[in-house]
There are 4 protein chains.
Amino acid sequence: MSFSNENLKHQLYVIIFGTHTKAGKIFDIALIIAIFTSLIVLVLSSIPSFDAKWREEFKLIEYGFTALFTIEYLTRLYCSPKPSAYAKSFYGVIDLVAILPTYLVILFPSASLVGVVRALRVMRIFRILKLVRYLQDSNLLLRSLLGARRKIIIFFSTVAILVTILGSFIYIIEGPENGFTSIPQSIYWAIVTITTVGYGDVVPQTTLGKGLAALTMLLGYSILAVPTGIITAELHQEMSAHRALVKCPNCSLAGHESDALFCKYCGSELADPDKRVVPVNTTKT
Amino acid sequence: MSFSNENLKHQLYVIIFGTHTKAGKIFDIALIIAIFTSLIVLVLSSIPSFDAKWREEFKLIEYGFTALFTIEYLTRLYCSPKPSAYAKSFYGVIDLVAILPTYLVILFPSASLVGVVRALRVMRIFRILKLVRYLQDSNLLLRSLLGARRKIIIFFSTVAILVTILGSFIYIIEGPENGFTSIPQSIYWAIVTITTVGYGDVVPQTTLGKGLAALTMLLGYSILAVPTGIITAELHQEMSAHRALVKCPNCSLAGHESDALFCKYCGSELADPDKRVVPVNTTKT
Amino acid sequence: MSFSNENLKHQLYVIIFGTHTKAGKIFDIALIIAIFTSLIVLVLSSIPSFDAKWREEFKLIEYGFTALFTIEYLTRLYCSPKPSAYAKSFYGVIDLVAILPTYLVILFPSASLVGVVRALRVMRIFRILKLVRYLQDSNLLLRSLLGARRKIIIFFSTVAILVTILGSFIYIIEGPENGFTSIPQSIYWAIVTITTVGYGDVVPQTTLGKGLAALTMLLGYSILAVPTGIITAELHQEMSAHRALVKCPNCSLAGHESDALFCKYCGSELADPDKRVVPVNTTKT
Amino acid sequence: MSFSNENLKHQLYVIIFGTHTKAGKIFDIALIIAIFTSLIVLVLSSIPSFDAKWREEFKLIEYGFTALFTIEYLTRLYCSPKPSAYAKSFYGVIDLVAILPTYLVILFPSASLVGVVRALRVMRIFRILKLVRYLQDSNLLLRSLLGARRKIIIFFSTVAILVTILGSFIYIIEGPENGFTSIPQSIYWAIVTITTVGYGDVVPQTTLGKGLAALTMLLGYSILAVPTGIITAELHQEMSAHRALVKCPNCSLAGHESDALFCKYCGSELADPDKRVVPVNTTKT
């Protein structure tokens, strides 16, 4: 009994957490479809005219999806080798967040705080984060961002200091009479301008203010170059490092593009990119 | 008879599909002029004041161009070695789409659905796609985009998840009373803001909403760096790969710029860039 | 007499066209100050309140500067070895354009076409182009742009086709009743949106239109990466090529930064960057 | 007495200017917290509703922080080996600017010029610049910007000439009747458009004006690529230069990423990145 129980657990684990078996792939596709359908229903139910017509239908479908995701969460907990580790992991928390708001809405009687109920109803949409599980391939991008995190923090600190100073200046120049009612509002304007968003809800009216705005735009225009430069240089380094490590098993020449399947010098097949073993001593001369 | 027929077919094929003979070049230039003229007439006829004045003239010119493009399409079908392959190809479909709407407008009596007729009339402008045939040289750009397609898909999935969550947050914070009438509308706002377009038709009114907007802008400002980094790194790789393969036939030194005509070390003429044979084993040491 | 005349000519030439003598430098600085002062006066005189107060003063100053630039133009013509070559050159045309509008305004009686006179008055500001003469150092940037011109043309053709199609679609979806009065107006909207400018003077009202707008923004957001990638890759290539050619005269190691004055390996002085002779066979192994 | 005085001075110096002792770190963290709290109070006190409620409390807190920063400034002056050098340094001036406005507001009776008092009150926010002291790590970014300063100046001169000409053209085309009241206003519009900010407070009304606007946008869209390309190429060069200099002390292979702690070829620990001695002759072959 205990053995077959363990066996069932393992089989469930392979299907739910694994991605290489056929059953595992079917489960993944079914889950992705369920997430997307559930999201579409949630989005549609937020449109007043749709909500008025099909409120009950939307409610029922939502209950159905919540039940489904609850079963998924419990099964994951059950078949995981270390349930508490799963529950505390990023994906465990997201799987819980995907179902919690619906239960909380049921618990809170509708007569209670309207704002809280609305917030809970909208927060159901955070189940979109369940899809992050299937974006695993983003290693190169993530590593580039992490490799550049120190530079990015310095960049954003600089931007924060800049917008505070520019916002204070425009607050002095334009003042509350032209829509710059407070320093936070003026800093908001500086961010809108330096990022080149330019809503146009608060704009300078005086000549001096327009001059400062022009300066802010040109500044934003040129410092936009800095994060791009950082990411590009990091990405380029990551990609070069990666390319140098891919060698043809036949002629042992390196430098193949990361999606190459055949050696570009002798034409023999390169190892499957996903199974490629990166040799340790490869670039030693 | 049958022979001269085949001969005519082949000659037409060389003129219409080829680009190297004098007649072929004249045909191409004439076609490009016809496409541009036809587009200008279509665009002008959409301006109410012009339409009121010259409606009949525009109609006649349009019929003329449709006849011309129909003859072109039929000739292409006739002289093509495999007519069905041409008809199903990208350019075959575009050549058909360039003439179809005009015939459909004639078939549909003007008394029928106004929307459909307007749509058909506007769709005639899609004959601009016939020009894509003459943008063939875009190989490097296309290869870079294709080489980076996996990263681009991951990037856009991340952006999609981000704008859904940011849109939901602003919907909770601002609510229908400030113009954020539904979740799709709020996601639309998030896209307008994160791409730094900033129409200003929907803007946050509360302090908390403005804070979230500022965050969205800074996020958009910095993740804009990611696609740029991806494309730049890919392009750089493509260009380096290309340069390493161009060798001087005299001193056999590599590393010439892609538009170089003479060797920068010994001054002897490099092979014509279009005829350059890329040696197979060139970078082997 | 003829000799001293020739001598005067040559001396004037050295002062006016040259930049290396002391007198030549003083002339250049005086000219730059004159251009800037003249531009400030022109800009100020276009502000209605300033014009009302100091119209006569502005007129007199403008006549003074025109006289000055006329003398400069005539002297350049006089001392140039080939006056007709100078007159037809880029700078010759600009020097003429800098003075012509003022004379034309005097010739045209103020009673003639108001629009023409205003246009002529504003066109005096094009003397700002005289400053281009002092931006000569922009070789690297220009060469990068020229090296990438084919890719840039392809890029802009693609953008032109894209905005035409996107504009036509929004014209079908939104129609004249929502501000998309004609196809040119709709293409204008598509350009405003795809470049992420986002004035907000024409915005989609329907749900479908907002969806297409969101698509246009994301498209613009990502294809913005393409020109950046092109320029960056070109610039990087230009800079690498330049660095590889700078060698230390003592230890003959290459790879010095373009603004380095001393060898970073042995500390001996590098040749003056402006006088550096680029060796012909330098990277041959 | 004199000795212990010197001793006290030195100990204070280590705590206040140093960052490596425990006391020094505690001082730094306390100072950062004080700066942030003071900034939050300043920002909140600029919001009318908050100011009305807690004006006296804000005043008292501000006096407290000014006293604190005054003590800090005087101690720095006291314990600095060369007080006058500190007072004239960038950080010395900022430390003074952080306290001066408050004293000036006290000196100026509130009956004096309202504008000046408001400006002084807002300028207290410039104490945010005290934080720059803790952004020291930005060497790579700064060096890249400095290395590219010549190209950046040329770029901005080109942009300045472009917006002046584009602004003049739109002023001729649209004129005061469409909101383009003067040349400075038109140049302001050109900057708003070319940087893709697009407030929408001044927009072209005529067809010709819209055409010029579209051209300006596409121009801005593509020249945005130039500063990015410059910074990226510089950053890439700086990073490559840095990487080539980091060598494994065990196997002496170079090319390690700047944040690597262990050699990627033999696994032995690399020197602490902050203590790494860059060998002089490292890349000599």
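Residues numbered from 1 in each chain as written. Chains lettered and ligands numbered in written order. Predicted model: local features only at pLDDT ≥ 70, side-chain atom pairs only at ≥ 80, totals over all residues. Heavy atoms only, no water.

(A) Inspection of the overall build of chain A at higher detail. Each helix and strand counted, chain A has 12 helices and zero strands in total. A buried classification covers 46% of the 285 residues belonging to chain A. Long-range pairs, those at least 24 residues apart, make up 53% of the contacts in chain A between residues at least 6 apart in sequence. Taken as a whole, chain A presents about 14,200 Å² of accessible surface, with 69% of it coming from carbon and sulfur. (Helix = DSSP H or I, 4+ residues; strand = E, 2+ residues; numbered from the N terminus. Buried < 20%, exposed > 50% of the residue type's maximum accessible area, 1.4 Å probe, protein only. Contact = heavy atoms within 4.5 Å. Areas by Shrake-Rupley, 256 points an atom, 1.4 Å probe, with all protein chains shown as cover.)

(B) Representation of the relation of the copies chain B and chain A in the model. With an axial shift of 0.0 Å and an RMSD of 0.1 Å, the rotation relating chain B to chain A amounts to 90°. Classification of the inter-copy transformation places it as that of a four-fold axis. (Least-squares fit on C-alpha atoms with pLDDT ≥ 70 in both.)

(C) Inspection of the interface of chain B and chain A at higher detail. Tallying the contact residues gives 55 residues for chain B and 51 residues for chain A. When chain B packs against chain A, the two sides together hide about 4,600 Å² of surface, and 72% of this comes from carbon and sulfur. On the surface where chain B and chain A come into contact, there are zero salt bridges. Our count for the contact surface shared by chain B and chain A stands at six residue pairs in polar contact (both at pLDDT 80 or more). Counting only elements with at least two residues in the side of chain B that touches chain A, the list comes to helix H9 (149-174), helix H10 (183-194), helix H11 (207-223) and helix H12 (225-245) of chain B. Examining the composition of the side of chain B that touches chain A, we find that 14 residues originate from one element, H9 of chain B, more than from any other. (Buried area = accessible area lost by both parts, 1.4 Å probe. Salt bridge = Lys/Arg side-chain N within 4 Å of Asp/Glu carboxyl O. Polar contact = N/O pair within 3.5 Å; in protein donor to acceptor, adjacent residues only side chain to side chain.)

(D) The relation of the copies chain C and chain D, seen in detail. By a simple turn and slide, chain C fits onto chain D: the slide is 0.0 Å along the axis, the RMSD is 0.1 Å, and the turn is 90°. Looking at chain C, a mere 16% of its interface residues are interface residues in chain D too, so the copies touch through different faces.

(E) Broad picture of the environment of Thr164 of chain A. Tracing the chain through its elements places Thr164 of chain A in helix H9 (residues 149-174). Looking at Thr164 of chain A, the relative accessible area reads 11%, which means it is buried. In this structure the C-alpha to C-alpha distance between Thr164 of chain A and Ser186 of chain A, which are 22 residues apart in sequence, comes to 8.4 Å. Here Thr164 of chain A is in contact with Ile187 of chain A together with Ile125 and Ile128 of chain D, once residues within four sequence places are set aside. Side-chain polar atoms of Thr164 of chain A contact the backbone oxygen of Ala160 of chain A, separated by 2.7 Å.

(F) Molecular detail of the pattern of salt bridges. A full pass over the atoms with the stated rule returns 30 salt bridges over all chains. Of the charged contacts, one joins Asp95 of chain B and Arg76 of chain B as a salt bridge, the two residues approaching to 3.6 Å between their closest N and O atoms. Taken as a pair, Asp95 of chain B in helix H5 (residues 90-97) and Arg76 of chain B in helix H3 (residues 48-79) lie far apart in primary sequence, 19 residues in all. Residue Asp95 of chain B is classed as buried on the basis of its relative accessible area of 1%. By relative accessible area, Arg76 of chain B is classed as buried at 1%. It is possible to trace a salt-bridge network through shared partners that takes in Glu72, Arg76, Asp95, Lys130 and Arg133 of chain A.

(G) View of the interface of chain C and chain D. Facing 51 residues of chain C, the contacting portion of chain D comprises 55 residues. Remark: the boundary between chain C and chain D carries zero salt bridges. The interface formed by chain C and chain D includes six residue pairs in polar contact (both at pLDDT 80 or more). Of all the secondary structure elements, the ones that give two or more residues to the side of chain C that touches chain D are helix H2 (22-45), helix H7 (114-123), helix H8 (139-147), helix H9 (149-174), helix H10 (183-194), helix H11 (207-223) and helix H12 (225-245) of chain C.

(H) Molecular detail of the environment of Gly167 of chain D. All names here are of chain D. Mapped onto the fold, Gly167 is located in helix H9 (residues 149-174). For Gly167, a relative accessible area of 0% puts it in the buried group. As for Gly167 and Leu212, which are separated by 45 residues in sequence, their C-alpha atoms are 9.9 Å apart.

(I) Geometry of helix H5 (residues 90-97) of chain A. All names here are of chain A. Among all positions of H5, only Gly92, Ile94 and Asp95 are buried. Seen end-on, H5 carries its buried residues on one side only, within an arc spanning 165°. Where H5 is buried, its residues touch helix H3 (48-79) and helix H4 (83-88). (Arc of directions from axis to C-beta.)

(J) Region of the structure containing unusual backbone geometry. The backbone of Thr196 of chain B shows a phi angle near 60°, a positive value even though the residue is not glycine. Within the secondary structure, Thr196 of chain B is located in the loop between H10 and H11.

(K) Looking closely at the UniProt feature "transmembrane region" (unreviewed entry) in chain A. Residues and elements named next belong to chain A. The UniProt feature table records "transmembrane region" (unreviewed entry) at residues 29-48, 60-78, 98-120, 152-173 and 212-233. As annotated, residues 60-78 has a helix share of 100% and a strand share of 0%, and its two end C-alpha atoms lie 27 Å apart. Its end C-alpha atoms 31 Å apart, residues 152-173 is made of 100% helix and 0% strand. (UniProt positions renumbered as here; feature names shortened; annotations may be inferred.)

(L) Representation of a nonpolar patch on the surface in the model. Residues Leu96, Leu100, Leu104, Leu107, Phe108 and Val116 of chain C make up a contiguous nonpolar surface patch of roughly 470 Å² in combined accessible area. Note on placement: Leu100 of chain C falls in helix H6 (residues 100-107). (Patch = residues over 30% accessible without salt bridge, like charges linked within 9 Å, V, L, I, M, F, W, Y side chains within 5 Å.)

(M) Structural view of the packing of helix H3 (residues 48-79) of chain C against H6 of chain C. All names here are of chain C. Orientation of H3 relative to H6, taken along the N-to-C sense of each, is 125°, at an axis distance of 9 Å. Between H3 and H6, the crossing angle belongs to the class labelled oblique. In this structure, H3 crosses over H6, and the sense of that crossing is left-handed. Within the contact between the two elements, H3 uses Glu62, Tyr63, Thr66 and Thr70 and H6 uses Thr102, Tyr103 and Ile106. (Axes fitted to C-alpha atoms, helices over the stretch in contact; angles between N-to-C directions. Parallel < 35°, antiparallel > 145°, perpendicular 65-115°, else oblique. Left-handed = near helix turned anticlockwise from the far one by under 90°.)

(N) A look at the packing of helix H10 (residues 183-194) of chain A against H11 of chain B. Orientation of H10 of chain A relative to H11 of chain B, taken along the N-to-C sense of each, is 25°, at an axis distance of 10 Å. In terms of axis orientation, H10 of chain A runs roughly parallel to H11 of chain B. By crossing handedness, the relation of H10 of chain A to H11 of chain B is classed as left-handed. Counted together, Gln185, Tyr188, Ile191, Val192 and Ile194 of chain A of H10 of chain A and Lys210, Ala213, Ala214, Met217, Leu218 and Tyr221 of chain B of H11 of chain B form the full contact between these two elements. Residues that form the contact of H10 of chain A with H11 of chain B fall into these classes: nine nonpolar, one polar and one charged. (Nonpolar A, V, L, I, M, F, W, Y, C, P; charged D, E, K, R; others polar.)

(O) Inspection of the side chain of Ser46 of chain A at higher detail. Here Ser46 of chain A is to be found in the loop between helix H2 (22-45) and H3. With relative accessibility at 9%, the residue Ser46 of chain A sits in the buried group. Looking at Ser46 of chain A, its side chain comes within polar contact range of the main-chain nitrogen of Ile183 of chain B, at 2.7 Å. Ser46 of chain A has contacts with Tyr171, Thr181, Ser182, Ile183 and Pro184 of chain B, leaving out every residue within four places of it along the chain.

(P) Highlighting the nonpolar core. Membership of the largest hydrophobic core comes to 223 residues, with the highest contact counts inside it found for Tyr199 of chain A, Tyr199 of chain B, Tyr199 of chain C together with Tyr199 of chain D. Among residues more than four places away in sequence, those in contact with Tyr199 of chain A are Tyr188 and Val192 of chain A, Trp189, Thr193, Gly198, Tyr199, Gly200, Val203, Pro204, Ala213 and Met217 of chain B together with Tyr199 of chain D. (Core = buried A, V, L, I, M, F, W, Y, C linked by side-chain atoms within 4.5 Å.)

(Q) Just the confidence of the model for chain A, in detail. Residue and element names in this part refer to chain A. Taken over all residues, the pLDDT of chain A has a mean of 80, while the share at 70 or more is 78%. Per-element mean pLDDT across chain A ranges from 71 in helix H12 (residues 225-245) up to 94 in H10. Note on residues 272-285: pLDDT under 50 across the span, and 21 contacts to partners over four residues away in sequence or across chains. For this predicted complex, the interface confidence comes out at an ipTM of 0.79, alongside a pTM of 0.81. (pLDDT = per-residue confidence, 0-100.)

(R) How the structure looks around helix H3 (residues 48-79) of chain D. At Trp54 of chain D, H3 of chain D is bent by approximately 85°, the largest bend along its length. Here H3 of chain D has its buried residues at Asp51, Phe58, Glu62, Phe65, Thr66, Phe69, Thr70, Glu72, Tyr73, Thr75, Arg76 and Cys79 of chain D. (Bend = angle between axes of the 7 residues up to and from the residue.)

(S) Focus on the environment of Leu96 of chain B. Residues and elements named next belong to chain B. Relative to the helices and strands, Leu96 resides in helix H5. Note on Leu96: relative accessible area 31%, which makes it partly exposed. With 102 residues separating them in the primary sequence, Leu96 and Gly198 have C-alpha atoms 39 Å apart.

(T) Structural detail: the packing of aromatic side chains. Taken as a whole and assessed by the stated rule, the structure comprises 44 aromatic pairs over all chains. With a centroid separation of 6.4 Å and 75° between ring planes, the pair formed by Trp54 of chain B and Phe58 of chain B is classed as edge-to-face. Separated by four residues within a single helix, Trp54 of chain B and Phe58 of chain B lie in helix H3, roughly one turn from each other. Each residue in the set Tyr13, Phe17, Tyr73 and Tyr86 of chain A is aromatic and connected to the rest through ring pairs, giving one cluster. We note Arg76 of chain C situated over the ring of Phe17 of chain C; from NZ or CZ to the ring centre the distance is 5.0 Å. Over the face of the ring belonging to Tyr171 of chain D we find Arg118 of chain C, whose NZ or CZ atom lies 5.8 Å from the ring centre. (Phe/Tyr/Trp six-rings, centres within 6.5 Å; stacked < 30°, edge-to-face > 60°. Lys NZ or Arg CZ within 6 Å of the ring centre and 35° of its normal.)

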